[in-house]
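# An overview of the molecular structure
Here are the chains, one letter per residue:
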Amino acid sequence: MNAAPADQIRLLDLQDLDVRLAQLAHKRASLPEHAEIESLTKDFTQLRDLLVAAQTEESDCAREQTKAEQDVDQVRQRAARDQQRLDSGAVTSPKDLENLQKEIASLAKRQGDLEDVVLEVMERRESAQERVAELTERVSSVQSKIDDATGRRDAAQQELDRETATVTKEREVVAASIPADLLKLYDKLRAQQGGVGAARLYQRRCEGCRLELNITEVNEVKAASPDTVVRCENCRRILVRTAESGL
């Protein structure tokens, strides 16, 4: 393939722009905020699960407390009725009086036991409420950190996107000035060679693979017409000759 030396040199400008675009894409994908957000999101998920568990426990305790208080109230009402019967003098039989007094005593013990249950449930509920409050605060704190990191990431991405758009336009201008067949070869090689399709020959060294040409290769390049598109024997990239090629 032949191409004017000026067109070949413009390949280096195009390559520089393509390298810059690759760098911008890599920088965008590897912003530190990505890892920060991922880590914070994991913390948020764990804390949220713990919060849901604590809220469930508090809700269960609330229902248990209501049931225990209802049991206490029922025993208290029954004891009050029995005490009223005892105080009214309506029960005259010694045996009935004894049984009534025993029942009142039993109900008093039962009420005491149930009140202990209520206190125990209230303590568990209070502990659960404290846990809910603590976890709610921690979830809110982590969410704020996620929001902050997301804002910083979005701002950084927007800046990189603006720069990418500018470089892309510059690339379009340079690419349009290069012959179609030469551009096609360059793009093909760039896809095959890790993003680098053309490299400068500097002091007899290919800047694509960083290897120095041997004497035979140097003589072949010297003998080639300036319009000839030379390829590196090692990496097969387009080898662009300049005044600093050392030929």
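Residues numbered from 1 in each chain as written. Predicted model: local features only at pLDDT ≥ 70, side-chain atom pairs only at ≥ 80, totals over all residues. Heavy atoms only, no water.

Summarising the element assignment, Arg-241 is placed in strand β4 (residues 238–241). Asp-227 provides the closest opposite charge to the buried, salt-bridge-free Arg-241, at an N-O distance of 7.4 Å. From its side chain, Arg-241 meets the backbone oxygen of Thr-228 in a polar contact 2.7 Å long. Here Arg-241 is in contact with Gln-8, Ile-9, Leu-201, Val-221, Ala-224, Ser-225, Pro-226, Thr-228, Val-230 and Leu-247, once residues within four sequence places are set aside. (Helix = DSSP H or I, 4+ residues; strand = E, 2+ residues; numbered from the N terminus. Buried < 20%, exposed > 50% of the residue type's maximum accessible area, 1.4 Å probe, protein only. Lys, Arg positive; Asp, Glu negative; His and termini not counted. Salt bridge = Lys/Arg side-chain N within 4 Å of Asp/Glu carboxyl O. Polar contact = N/O pair within 3.5 Å; in protein donor to acceptor, adjacent residues only side chain to side chain. Contact = heavy atoms within 4.5 Å.)

Turning our eyes to something else, we now look at the nonpolar core. Residues Leu-11, Leu-14, Ile-178, Leu-182, Tyr-186 and Ile-238 are the most contacted members of the largest nonpolar core, which totals 22 residues. Those elements that provide at least two residues to this core are α1 (5–29), α3 (94–176), α4 (180–192) and β4. Of all the elements, α1 adds the most residues to this core, at 6 residues. (Core = buried A, V, L, I, M, F, W, Y, C linked by side-chain atoms within 4.5 Å.)

Quick look at the sheet that holds strand β3 (residues 230–231) now. Read across the open sheet, the 4 strands follow the order β2-β1-β4-β3; overall the sheet is mixed. Each end of this open sheet is capped by a strand with a single partner; those strands are β2 (205–206) and β3. Where β3 and β4 come together, 2 bridges link them in antiparallel fashion. Paired with Arg-231 across the two strands is Ile-238, which belongs to β4. Those strands touched by α4 are β1 (198–202), β3 and β4, and its axis lies near 120° from that of β4. (Pairing = 2+ DSSP bridges. Axes fitted to C-alpha atoms, helices over the stretch in contact; angles between N-to-C directions.)

Attention shifts here to the pairing of β1. Note: β1 against β4, 4 bridges, orientation parallel. When the bridges of β4 are listed, Ala-199 appears paired with Leu-239. Two elements, β1 and β2, share 2 bridges in a ladder whose sense is antiparallel. Residue Leu-201 lies in a different strand from β2, and its bridge partner there is Cys-206. If you look at the hairpin formed by β1 and β2, you'll find 2 residues sitting between the two strands, and Gln-203 has a positive phi there, around 50°.

Attention now moves to the packing of helix α2 (residues 32–88) against α3. One can describe the packing of α2 onto α3 by two numbers: an axis separation of 5 Å at closest approach and a directional angle of 160°. When the axes of α2 and α3 are compared, the pair comes out roughly antiparallel. You can see that α2 and α3 cross each other, and the crossing is left-handed. For the contact of α2 with α3, the residue count by class is 30 nonpolar, 12 polar and 22 charged. (Parallel < 35°, antiparallel > 145°, perpendicular 65-115°, else oblique. Left-handed = near helix turned anticlockwise from the far one by under 90°. Nonpolar A, V, L, I, M, F, W, Y, C, P; charged D, E, K, R; others polar.)

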